[in-house]
Amino acid sequence: MASQPHPICYFWIAHYNDGTCLPQYDPNDYHANKITDIDQSKLVKVGWYPLSPLAAEELNKRGIPAVSNPFLPKVEVEITDKKRFILFTRNFIANEEYRICQSCGNEFAVNQDTKIFDNTKYPSPICPYCGAHDYFVCKDCGEKFERFEDTENTPPEKGGPGHCPKCGGHLKRVRVTTVQYSRERRWRLYAVGYQETINDRNYKTILYVSENGDVTVKYE
């Protein structure tokens, strides 16, 4: 199944010195304007603005996935005569791996900070939420064992190591935290800024806005 397009949460608006503006999506029919349509000679301000619920609804109707988040900030920069605007988006795709604890249902990733239940030949991650990890049970009587090695003293008449010391049944590993899942993650950065020439050298100031509204400023 093909991946669905990642929804937008911001749209740009270019503000002109005559009081007019050019939005990325026309508020009347929602046709898209291009960044190359922006008139640099009249530009005084440009920025990214969160979509209203109505705008998101109309864009979705037209096949443009969009979401509205009223908590997002607007991010804009003023453009003076010597500044040339910068406006673009960066899209990212990554595959990430994660676990779902079968005990508490919480999702977590295994990294260098994850504690491992490793005093066994069958180690497993320890859930950071509830402390659960893989264990073993007897297939016959249901007796639970934290480690496979807990049956190493099972007498021969009951099958020896790997068998339940109570009934001699075989052990089954219950995978609580070792089942690994993978998924595709997509995200987008919205960039706005300007470049200017000082002493024959170009300098860029760019604000990168994340989908949750965090802003990072970079100078190049």
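Residues numbered from 1 in each chain as written. Predicted model: local features only at pLDDT ≥ 70, side-chain atom pairs only at ≥ 80, totals over all residues. Heavy atoms only, no water.

Novice: Would you take a moment to explain the pairing of strand 14 (residues 215-219) for this structure?
Specialist: Remember that side chains alternate between the two faces of the sheet whenever the strand is regular. As judged from the five bridges shared by strand 13 (residues 201-209) and strand 14, these two strands associate in the antiparallel manner. Across the sheet, residue Ile 206 finds its bridge partner in strand 14, namely Lys 218. (Pairing = 2+ DSSP bridges. Helix = DSSP H or I, 4+ residues; strand = E, 2+ residues; numbered from the N terminus.)

Novice: Is there a simple way to explain the sheet that holds strand 11 (residues 171-174) in this structure?
Specialist: Where strands meet in a sheet, backbone hydrogen bonds hold them as pairs that are either parallel or antiparallel. Reading across from one edge, 10-9-11 is the order of the three strands in this open sheet, with antiparallel pairing throughout. Looking along the sheet, the strands with just one partner apiece sit at the ends: strand 10 (144-145) and strand 11. Where strand 9 (residues 135-138) meets strand 11, four bridges bridge the pair, whose relative direction is antiparallel. For Cys 138, the partnering residue across the bridge sits in strand 11 and is Leu 171.

Novice: Is there a simple way to think about a nonpolar patch on the surface in this case?
Specialist: A grouping of Val 215, Val 217 and Tyr 219 is seen on the molecular surface, where their side chains present a nonpolar patch of about 310 Å² in accessible area. Residue Val 217 is classed as partly exposed on the basis of its relative accessible area of 40%. (Patch = residues over 30% accessible without salt bridge, like charges linked within 9 Å, V, L, I, M, F, W, Y side chains within 5 Å. Areas by Shrake-Rupley, 256 points an atom, 1.4 Å probe, with all protein chains shown as cover. Salt bridge = Lys/Arg side-chain N within 4 Å of Asp/Glu carboxyl O. Buried < 20%, exposed > 50% of the residue type's maximum accessible area, 1.4 Å probe, protein only.)

Novice: Can you walk me through the nonpolar core in this structure?
Specialist: Where a protein is soluble and globular, its nonpolar side chains tend to be buried together. In this structure, Ile 38, Leu 43, Val 46, Leu 87 and Val 192 are the most contacted members of the largest nonpolar core, which totals 32 residues. Contributions of two or more residues to this core are made by strand 1 (10-16), strand 3 (43-50), helix 1 (53-61), strand 4 (75-78), strand 5 (83-100), strand 12 (180-198) and strand 13. For this core, the element with the most residues is strand 1, which contributes six residues. In this structure, Leu 87 is in contact with Trp 12, Ile 35, Ile 38, Val 46, Trp 48, Ala 191 and Val 192, ignoring residues within four places of it in sequence. (Core = buried A, V, L, I, M, F, W, Y, C linked by side-chain atoms within 4.5 Å. Contact = heavy atoms within 4.5 Å.)

Novice: How should I be thinking about the packing of aromatic side chains in this particular structure?
Specialist: The description of an aromatic ring pair uses the distance of the two centres, along with the angle that the planes make with each other. Scanning the model with the defined rule gives nine aromatic pairs in all. The interplanar angle of 65° and the centroid separation of 5.5 Å between the aromatic rings of Phe 136 and Phe 148 together place this pair among those described as edge-to-face. One end of the pair, Phe 136, is in strand 9; the other, Phe 148, is in the loop between strand 10 and strand 11, with twelve residues separating them in the sequence. Here Phe 148 falls in the partly exposed class, since its relative accessible area comes to 22%. Three or more aromatic residues link up through ring pairs in this structure, and these residues are Tyr 10, Trp 48 and Tyr 190. Over the aromatic face of Tyr 194 sits the side chain of Lys 83, whose NZ or CZ is 4.1 Å from the ring centroid. The ring centre of Tyr 98 lies 3.9 Å from the NZ or CZ of Arg 183, which sits over that ring. (Phe/Tyr/Trp six-rings, centres within 6.5 Å; stacked < 30°, edge-to-face > 60°. Lys NZ or Arg CZ within 6 Å of the ring centre and 35° of its normal.)

Novice: Is there a simple way to explain the pattern of salt bridges in this structure?
Specialist: Should their charged atoms come close, side chains of opposite charge can pair. Applying the stated criterion across every chain, the model contains 14 salt bridges. Between Arg 147 and Asp 150 there is a salt bridge; the shortest N-O distance is 3.2 Å. On the accessibility criterion, Arg 147 (21% relative accessible area) is partly exposed. When salt bridges that share partners are traced, they join Glu 57, Glu 58, Lys 61 and Arg 62 into one network.

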